[in-house]
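# Reading the structure
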Amino acid sequence: MTIWLPDLSSGSGPLYLRLAERIESDIDSGVLASGTKLPPQRNLAYDIGVTIGTVGRAYALLRERGLVSGEVGRGTYIMERDRELPAPIAPAPLPHEGSRAVEAPPGKLHFDSTAAPNVGQSGAIEAMLAAISREHPDDMTSYTRTFPEHWFAAGSAWLSRNGFRPAPETIVPTLGAHAAVMAIIAAVTSPGDHVLFEHVTYTQIARSSGLIGRRMALVNSDVHGIDPDDFEAVCAQKHPKLAFLMPTAQNPTGVIMPSDRRAAIAEIARKYNVLLVEDDLYGALTNDRTPLLAEFAPERVFVVGGLSKSVAAGVRGGWLSCPAHFRHSIRVAHKMVTGGMPFLLAELCARLVLSGEATAIRARSIAEISARLDIVRKTLDGCAYNMTQNIPFIWLALPDPWNSGTFKNAAYGQGVLIDDEDEFKAGRSDQVFHRVRIGVSAPRTRGDVEKGLSKVRRLLDEGSAGYDSFG
């Protein structure tokens, strides 16, 4: 073992990050040669006056960067590097790309989306776009540098539900719900921090978090949502900075977390100083009266919502409400991760909400989704699935001998795109659900919904041995 101590007297940022960067610098300069064993975490922590956790996070970050290797019982070693002939820089592999095709294949029935159904909203959108172009020619040709007050009022109105009424000064307009959550993660966490997710969830956020250097911590759930005991255990062991939750109509399970469970999660988060993202995107479609998680812990909950599931996904409309002292940093982070809020879309979304048009479109969307869920009940009668009122997807349980991936492939062979359970796994998980998610809002007509579900039903009835014989 080398006699070596890092100098942390210079630099800025968290101590673990400064330590990792100093070690990387010493590797690059040759101070730490390939094969060198780094000091045990406890020893180094004592020698430089930091916690063991700080050293552990630094070593973990170095492992993620491919600079060191660690084995239980042997220690942490500098990995071999070819300095004479450096390898060409290759694109970094994505942490997990999911099981969907990057580009959707043509000629298939899309049951792999939950965007708002087409209920004729394009007419209202067209009229508003024309009015905005006519009334704001200068704003249309420039970057957005000022945000009108009615943009914040629109977000406050759209996110208000049950007893939750966010003040306009807590609102940040965003390019959809996904951009909202990523702005929160970028603003309140640092590379190497843990962000907590359920084993199955909306994994585009988990993958995006991994892409910017955040680590995932997984928590168990049951029929009522996140398990409080496991949540507390993960908080104590992994010390996540942030947890991503969908308490109302969780995607893909459809679970609605009861009030007492929300109160328990809020109290545990307060105990361990964990910030919470409450994705309420589907909540706007429900008649559920359960208090929002933000009502239990307003000082640490960020509420996210938007127009994609109930009005129109293509307008990229979203807002978040945050504890007031986070608002500036999140607005800056949103600009950095998205390039900025386009005036046209922000003004359109605000007008849709404040004119009442968004509420009217949502009512028509709910009616259409409800009619399509009736087709599900009829076509899949006798099958086991989770369904939540007004929510445009089901979580279908597969009978023997099907597994999730094979069933997805079989449905694809019949021209139907659905999502297997791996599409929703936030990380490497040993949990197996034998389920698929089927969305019903994207097919063009109710006839297409019935046609696609009939093919799914035939697969379920025939079994995996017989699906190759379908004509």
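Residues numbered from 1 in each chain as written. Predicted model: local features only at pLDDT ≥ 70, side-chain atom pairs only at ≥ 80, totals over all residues. Heavy atoms only, no water.

An unreviewed UniProt entry lists the protein chain under the name DNA-binding transcriptional MocR family regulator, from Aminobacter carboxidus. Word for word, the UniProt comment on the protein chain under Sequence similarities (unreviewed entry) is "In the C-terminal section; belongs to the class-I pyridoxal-phosphate-dependent aminotransferase family." (UniProt positions renumbered as here; feature names shortened; annotations may be inferred.)

## With respect to the overall build of the protein chain
When you go through the protein chain residue by residue, the secondary structure sums to 15 helices and 17 strands. Computed over C-alpha atoms, the radius of gyration of the protein chain comes to 25 Å, within 12% of the 23 Å expected from 2.2 N^0.38 for 471 residues, which places it in the range of a compact globule. For the protein chain, long-range pairs separated by at least 24 residues make up 73% of all intrachain contacts whose partners lie at least 6 apart in sequence. A total of about 21400 Å² of accessible surface is found on the protein chain, and carbon and sulfur atoms cover 51% of it. Side chains of the protein chain carry 49 positive and 52 negative charges; the gap between the two charge centres is 2 Å. (Helix = DSSP H or I, 4+ residues; strand = E, 2+ residues; numbered from the N terminus. Rg over C-alpha atoms; globule rule 2.2 N^0.38 Å. Contact = heavy atoms within 4.5 Å. Areas by Shrake-Rupley, 256 points an atom, 1.4 Å probe, with all protein chains shown as cover. Lys, Arg positive; Asp, Glu negative; His and termini not counted. Charge placed at Lys NZ, Arg CZ, Asp CG, Glu CD.)

## So, the packing of aromatic side chains
Inspection of every chain in the model, using the stated rule, returns nine aromatic pairs. With a centroid separation of 5.2 Å and an interplanar angle of 65°, the aromatic rings of Phe147 and Trp151 are classed as edge-to-face. By relative accessible area, Trp151 is classed as buried at 1%. Within the aromatic cluster, the residues linked to one another by ring pairs are Phe147, Trp151, Phe152 and Phe343. In this structure, Arg437 packs its charged tip against the face of Phe393, placed 5.5 Å from the ring centre. (Phe/Tyr/Trp six-rings, centres within 6.5 Å; stacked < 30°, edge-to-face > 60°. Buried < 20%, exposed > 50% of the residue type's maximum accessible area, 1.4 Å probe, protein only. Lys NZ or Arg CZ within 6 Å of the ring centre and 35° of its normal.)

## Considering unusual backbone geometry
With an omega of 20°, the peptide bond running from Asn251 to Pro252 counts as cis. Position of Pro252 relative to the elements: it lies in the loop between strand E9 (242-245) and helix H10 (259-271). Note the cis peptide between Asp400 and Pro401, where omega equals 5°. Tracing the sequence through the fold places Pro401 in the loop between strand E14 (393-397) and helix H14 (404-413). With a phi angle near 50°, Arg316 is a residue other than glycine that sits in the positive phi range. With respect to the helices and strands, Arg316 occurs in the loop between strand E11 (301-306) and strand E12 (318-321). Residue class for Arg316 comes out partly exposed when judged on its relative accessible area of 36%.

## Points about H10
Taking 1.5 Å per residue, 13 residues should reach 18 Å; H10 reaches 19 Å between its end C-alpha atoms and fits that length. Taken together, the buried positions of H10 are occupied by Arg261, Arg262, Ile265, Ala266, Ile268 and Ala269. Here the buried residues of H10 occupy an arc of 165° about the axis, which is enough to place them on one side. Exposed and facing more than 90 degrees away from the buried side of H10 are Asp260 and Lys271. Looking at the buried residues of H10, the elements they touch are strand E7 (221-222), strand E8 (225-226), helix H9 (228-238), E9 and strand E10 (275-279). In the segment just after H10, Asn273 is the residue with positive phi, at about 55°. (Expected span 1.5 Å × (residues − 1). Arc of directions from axis to C-beta.)

## Points about the sheet that holds strand E17 (residues 435-439)
Strand order in the open sheet formed by four strands is E13-E14-E17-E16, and the pairing between neighbours is antiparallel. Because the sheet does not close on itself, it has two edges, and the strands there are strand E13 (385-387) and strand E16 (419-420). By the bridge criterion, two bridges tie E16 to E17 in an arrangement that is antiparallel. Within E17, the residue paired with Asp419 across the bridge is Arg437. (Pairing = 2+ DSSP bridges.)

## Let's talk about the pattern of salt bridges
Note on pairing: side chains with opposite charge can pair once their charged atoms come close. Overall, the coordinates contain 22 salt bridges when judged by the stated rule. The residue Asp422 makes a salt bridge to Lys425 at a minimum N-O spacing of 3.7 Å. Look at Asp422 and you get partly exposed, because its relative accessible area is 38%. A network of salt bridges, in which partner residues are shared, links Glu267, Arg270, Glu299 and Arg300. (Salt bridge = Lys/Arg side-chain N within 4 Å of Asp/Glu carboxyl O.)

## Overview of the nonpolar core
Residues Ile184, Ile330, Phe407 and Ile438 are the most contacted members of the largest nonpolar core, which totals 57 residues. For this core, the element with the highest residue contribution is helix H7 (residues 176-188), accounting for eight residues. Ignoring any residue separated from it by four or fewer positions in sequence, one finds Ile438 in contact with Phe111, Pro392, Phe393, Ile394, Leu396, Ile418, Leu453 and Val456. Core analysis: the next-biggest nonpolar cluster, separate from the first, contains 50 residues, Val119, Ile132, Ile226 and Cys235 among them. (Core = buried A, V, L, I, M, F, W, Y, C linked by side-chain atoms within 4.5 Å.)

## With respect to the packing of H9 against H10
In helix packing, the relevant descriptors are the interaxial angle and the interaxial distance, both defined with respect to the helix axes. In contact at an axis separation of 10 Å, H9 and H10 are set at 15° when each is read in the N-to-C sense. Judged by the angle between their axes, H9 and H10 are roughly parallel. In this structure, H9 crosses over H10, and the sense of that crossing is right-handed. For the pair H9 and H10, contact is made by Pro228, Phe231, Glu232 and Cys235 and by Arg261, Ala264, Ile265, Ile268, Ala269 and Lys271, respectively. (Axes fitted to C-alpha atoms, helices over the stretch in contact; angles between N-to-C directions. Parallel < 35°, antiparallel > 145°, perpendicular 65-115°, else oblique. Left-handed = near helix turned anticlockwise from the far one by under 90°.)

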